[in-house]
Amino acid sequence: MSEPITEKTHIVSVLSSLDDIDRGDWDTCAQPEAPGSNPFVSYDFLHALEKSKSAIAETGWYPQHLVLQDDAGDVSGVAPCYLKSHSQGEYVFDYGWADAFERAGGRYYPKLQIAVPFTPVTGPRLLTKPGDAADENRMVLASAAAERAKNLGASSIHVTFTSEAEANALAELGYLHRTDQQFHFENNGYASFDDFLAELASRKRKQLRKERAQALANDITIEWVSGSDITEAHLERFYLFYMDTGSRKWGTPYLTRRFFDEIAETMADKMVFIFAKRAGKIVAGALNIVGADTIFGRYWGCMEDHPFLHFEVCYYQAIDYAIEHKLQYVEAGAQGGHKLLRGYLPVTTHSAHFIVNPSFRKAVADYLVHERRQVAYENERLAERAPFKKCDVPQSGDEE
């Protein structure tokens, strides 16, 4: 634990490990309304990243968690915070900012990241107990982060995949508002996948049915595995998938094998594996995490290539699961315009950035004005191309 930061009458401590805070104290702030509403900011998920040595100083994610205590010494706010020596595993790309600042003679790293490592999932980042002081406490945490950045000589603070309301509140403290795009499915009270298909334009409805049939054409069967049914064999098999995909996409996968053991031990009830099997052997799979009203698609991999199997396992089966379990949303990860024609609509994601250097801050602020306009324009245009009946317009062919 570092020296405490004093913010008026508040004390904010900085923890280099979640071992230094009680699980209940963290989750009282992280899950104040509905337990499991956003499992990624829970103590169990974040602690697993540290305990498994996935997000630690040696991997460039040095924990600097902020903990706010009230006058009685009770924890009233927390924030998952890391000192970063690179920009990997964030999904809000600032490589161009780093390059520009360093070409101008500045030092971009280290920087502070208030985020869930390796997880492009929207949720609260400044976590507080509910009550009249909640908004004030969030701002205290944000101010403490700025003070911590100054003490560490960090160039900036990046609060990524935060809520729109939180990003707007942070703007009042001088944080810059950035937007981006994801694609989410919304369950409009469907009783079945066919109910969902009934809302699509005829040509798109036929396309999705064809894709699902082709995905299962080679004697492929689908299995959902969750909770106490998850075995060591499932974890081992899925880790092979994760390593294969991660090695191709990122060069070096971010998560260690132990991470999957840790979350299977502490939050198996929130894990759902969707496996594809052929001849009794698991040949592909996706890991999903379930919150209060959302199923979050996290990782995917395969050992055999079958047409449209990725769409079936990651997108269509997630919709099936959401409908069967009466979940409101499916969030299938970052990027992916190909999700649009599968019923996943564009949504705006938000982040907030505090730039210490005034000149660099002005340059970034000017850039973000144009970027926000472009994101808004693209989302509007993409929404017009949605596959639903009211948007039945000719489209070019799609590729898997």
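Note: the structure precedes this text.
What counts and how
- Residues numbered from 1 in each chain as written.
- Predicted model: local features only at pLDDT ≥ 70, side-chain atom pairs only at ≥ 80, totals over all residues.
- Heavy atoms only, no water.
- Phe/Tyr/Trp six-rings, centres within 6.5 Å; stacked < 30°, edge-to-face > 60°.
- Helix = DSSP H or I, 4+ residues; strand = E, 2+ residues; numbered from the N terminus.
- Buried < 20%, exposed > 50% of the residue type's maximum accessible area, 1.4 Å probe, protein only.
- Lys NZ or Arg CZ within 6 Å of the ring centre and 35° of its normal.
- Core = buried A, V, L, I, M, F, W, Y, C linked by side-chain atoms within 4.5 Å.
- Contact = heavy atoms within 4.5 Å.
- Axes fitted to C-alpha atoms, helices over the stretch in contact; angles between N-to-C directions.
- Parallel < 35°, antiparallel > 145°, perpendicular 65-115°, else oblique.
- Nonpolar A, V, L, I, M, F, W, Y, C, P; charged D, E, K, R; others polar.

Asks: Looking at this structure, I do not really get the packing of aromatic side chains. What am I missing?
Replies: Two aromatic rings, taken as a pair, are described by how far apart their centres are and by the angle between their planes. Taken as a whole and judged by the stated rule, the model has 32 aromatic pairs. Between Y108 and F360 the ring centres are 6.4 Å apart and the planes differ by 85°, which places this aromatic pair in the edge-to-face class. Within this pair, whereas Y108 is found in the loop between helix 3 (95-103) and strand 7 (111-114), its partner F360 is found in helix 11 (residues 358-384), the two being separated by 252 residues in sequence. By relative accessible area, Y108 is classed as buried at 0%. An aromatic cluster of three or more residues is present, and its members are F40, F45, F238, Y239, F241, Y242, F259, F260, F273, F275, F296 and Y299. If you follow K84 out to its NZ or CZ, it ends over the ring of W61, 3.8 Å from the centre. Above the ring of Y299, the side-chain terminus of R298 is found at 5.0 Å from the ring centroid.

Asks: I'm lost on the nonpolar core in this one. Help?
Replies: One recurring pattern in soluble globular proteins is that nonpolar side chains are buried together. Ranked by size, the top nonpolar core spans 47 residues in total, and within it W26, F238, F260 and F273 carry the most contacts. Elements represented by at least two residues in this core include exactly helix 1 (23-30), helix 2 (43-51), strand 5 (75-79), helix 8 (232-249), helix 9 (257-266), strand 12 (271-278), strand 13 (281-290) and strand 14 (294-302). With residues near it in sequence (within four places) discarded, F238 still touches F260, F273, F275, G285, A286, L287, Y299 and W300.

Asks: Sorry if this is basic, but what is going on with the packing of helix 1 against helix 2 here?
Replies: Angle between the axes and distance between the axes are the two parameters that describe a pair of packed helices. One can describe the packing of helix 1 onto helix 2 by two numbers: an axis separation of 9 Å at closest approach and a directional angle of 125°. If you check the angle between helix 1 and helix 2, you find them oblique. On helix 2, the residues touching R23, W26 and D27 of helix 1 are Y43, D44 and L46. Among the residues making up the contact of helix 1 with helix 2, the classes are represented as three nonpolar, no polar and three charged.

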